[in-house]
Amino acid sequence: MRYGLDRPGLRMRAATAALAIAMLALLASAPAAQALPAKFWGVVPQAAPTAEQFQRLKRGGVATMRIPVFWGSVQPVPGGAFDWSQVDQLVGGATAVGIEVLPFLYGAPTWAVPADRIIPSHPPKYLPVRTGLQRAGWTRFLGEVIGRYGPNGSFWAQNPGLPKRPIRVWQLWNEQNFKYFVARPNPAEYGKLVSISYPAIKAADPTARIVLGGMFSAPKEALIKRGPPQAFFASDFLEQMYRLTPGVKRKFHGVAVHPYTEAFQRIGGYVEEIRDVLAANRDTGKGLWLTELSWSSQRSSAGNFAKGRQGQAKQLRGAFGLLRANQRKWNVQRVYWFSVDDQEGSCNFCDGSGLFGPGFVPKPSWFAFTAFSGGKP
């Protein structure tokens, strides 16, 4: 996630819905009028929680956790062995307390892709689809990760003390429409990644399901018209992926967005844009996953995303109330708050995005989260 801005085209939609949103805000803390999908409320950690922290999250009603699986970290050497130690820690900790795991798979190693010069301090971020070496390496990685954590995964055999909860849903990449995770965002290349990933994942687990990477709804860089695109609006990226990749809609099961915005009232416009693209492509059966959503509890370090401690909780209540009320209409399957606790240096507002502050001390936003999840703070 990085800074974004609200699309001008959303203003009419937002204005039309203003009264309805105001009513939803008043009802945000009321009991849900309908049953939500199982494991609806989730979180994204920035660092591995301790065993005690996992237990607290579970007590608080966290049902699912989205975790990174960075190919470059688990296989830094071409043809080398895979090191799952860091992923094992997250999967084991979550599984032990009964929290579902959603991995997002991303990050080609330096041996597979060229170095980029946009953000030199970060790993290369080209999608591994341009050469046979890249495609073979990526599909092998997919087979290995499912062979580790899928239904017949070696992780479960090596950890008989854990309940066996194989991972069956896999997310492909992260914010593929934004320069921070893909140096040169390209809907056709991402469509190719989905197309080559589908048979590899299905070969490893025929029951597996695929969710697209979470698209940053409205990055400001999408307005820059000179040079190669640095970003796309999420709906534009999705529309072009459909158009440039014939048959791609048969190769994934859910669409994910990261509707970062100054105020929760604008989330509806972003979601409606995505649903419009799905409708235009006769693909409305696809569920919507909000795999990151957040505001900062800081007062000034993150610009328009900084709301203060009480403001962060207010935005959470408004967003969660809106999503809960419209779950059936928008076919929302999961909602993940970013993040569990504050961590400095990870992003421009990561030091204030957590539900917990330093020392794992809960913020008002944690109590707001548990009011929706039905857990105990």
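All figures in this text were calculated on a predicted structure; none of them were measured in a lab. Numbering of residues begins from 1 in every chain and follows the order in which that chain's sequence is written. Local features in this predicted model are restricted to residues whose pLDDT is 70 or higher, and side-chain atom pairs enter the listing and the counts only when it is 80 or higher, whereas totals over whole chains, interfaces and linings include all residues. As a convention, hydrogens and water are excluded, and side-chain values are obtained from all of the structure's heavy atoms.

Moving on, we get to unusual backbone geometry. With omega at 20°, the peptide bond leading from F338 into S339 counts as cis. Only runs of H or I of at least four residues qualify as helices and only runs of E of at least two qualify as strands under DSSP, and these elements are numbered from the N terminus. Mapped onto the elements of the fold, S339 is located in the loop between β9 (332-338) and β10 (356-357). Look at F360: it is not a glycine, yet its phi comes out positive at around 55°. Note that F360 resides in the loop between β10 and β11 (361-362). Three exposure classes are used, based on accessible area relative to the maximum for each residue type with a 1.4 Å probe and protein chains only: buried under 20%, partly exposed in between, and exposed over 50%. Of the residues examined, F360 reaches a relative accessible area of 11% and is grouped as buried.

This part covers the confidence of the model for the chain. As a note on interpretation, predicted positions should not be read in detail where pLDDT is low. Confidence per residue, as judged by the predictor, is encoded in pLDDT with a range of 0 to 100. Here the chain averages 90 in pLDDT, and 88% of its residues register 70 or above. Between two residues, a contact is recorded if the distance between any of their heavy atoms is within 4.5 Å. Between residues 1-33, whose pLDDT stays under 50, and residues either more than four places distant or in other chains, the model counts 67 contacts.

A word on the pairing of strand β7 (residues 254-258). Across a regular strand the side chains alternate sides, sitting on one face of the sheet and then on the other. For β7, the tally of buried residues reaches five of five residues, placing the bulk of the element in the interior. Neither face of β7 is open: one carries G254, A256 and H258, the other V255 and V257, and all of them are buried. Bridge count between strand β6 (residues 215-216) and β7: two bridges; the pairing is parallel. Residue pairing across strands places F216 opposite H258, the latter belonging to β7. Whether a crossover is right-handed comes down to one check: with the strands pointing away from the viewer, does the path from the first strand over the helix to the second run clockwise; if it does, it is right-handed. The β-α-β motif built from β6, the intervening helix α9 (residues 234-244) and the parallel element β7 has right-handed crossover chirality. Two strands pair if DSSP finds at least two bridges between them. Summarising the sheet, β7 and strand β8 (residues 287-290) pair through four bridges and their orientation is parallel. The partner of V255 across the bridge, within β8, is L288. Crossover connection from β7 via helix α10 (residues 267-280) to parallel β8: handedness right-handed.

This part takes up the side chain of D342. Take D342: it is sitting in the loop between β9 and β10. D342 sits in the buried class, given a relative accessible area of 17%. The term polar contact refers here to a pair of N or O atoms within 3.5 Å; inside protein, the definition further demands a hydrogen-donor-capable atom paired with an acceptor-capable atom, and it admits residues adjacent in sequence only when both atoms are side-chain atoms. Within the local environment of D342, its side chain forms a polar contact with the backbone nitrogen of S353, the two atoms lying 3.4 Å apart.

The next point concerns the state of the cysteines. For this text, the term disulfide refers to a pair of cysteine sulfurs within 2.5 Å. Within this structure, the stated rule accounts for one disulfide. Between the sulfur atoms of C347 and its disulfide mate C350 the distance is 2.0 Å. Every disulfide takes its handedness from the sign of the S-S torsion; for C347 and C350 that torsion is 115°, giving right-handed. Take C350: its relative accessible area is 2%, and that puts it in the buried class.

Pairs were defined over the aromatic rings of Phe, Tyr and Trp, the Trp ring being its six-membered one, requiring ring centres within 6.5 Å. Orientation was assigned from the angle between planes: stacked under 30 degrees, edge-to-face over 60, tilted for the rest. Scanning the entire structure with this criterion turns up 33 aromatic pairs. With a centroid separation of 6.0 Å and 50° between ring planes, the pair formed by Y190 and F237 is classed as tilted. Of this pair, Y190 sits in helix α8 (residues 187-204) while F237 is found in helix α9, placing the two residues 47 residues apart along the sequence. With respect to burial, Y190 and F237 carry one shared label: buried. An aromatic cluster of at least three residues, connected via ring pairs, comprises F40, W41, W295, F320, W337, F356, F360, W366, F369 and F372.

Okay, the packing of helix α11 (residues 308-325) against helix α13 (residues 364-373) next. The interhelical angle for the contact between α11 and α13, taken along N-to-C directions, is 20°, at an axis separation of 8 Å. Taken together, α11 and α13 sit at an angle that is classed as roughly parallel. The two elements α11 and α13 meet at a crossing, and its hand is right-handed. Residue-level inspection shows R309, Q310, Q312, A313, L316, R317, F320, G321 and R324 of α11 in contact with α13, the latter providing P364, S365, A368, F369 and F372. Axes, fitted as lines to C-alpha atoms, cover a helix only where it is in contact. Angles between the N-to-C directions of the axes lie from 0 to 180 degrees. Orientation labels follow simple angle bins: below 35 degrees gives roughly parallel, above 145 gives roughly antiparallel, 65 to 115 gives roughly perpendicular, and whatever is left gives oblique. Definitions for this section: a left-handed crossing has its near helix turned counterclockwise from the far helix by less than a right angle. A right-handed crossing has that turn clockwise.

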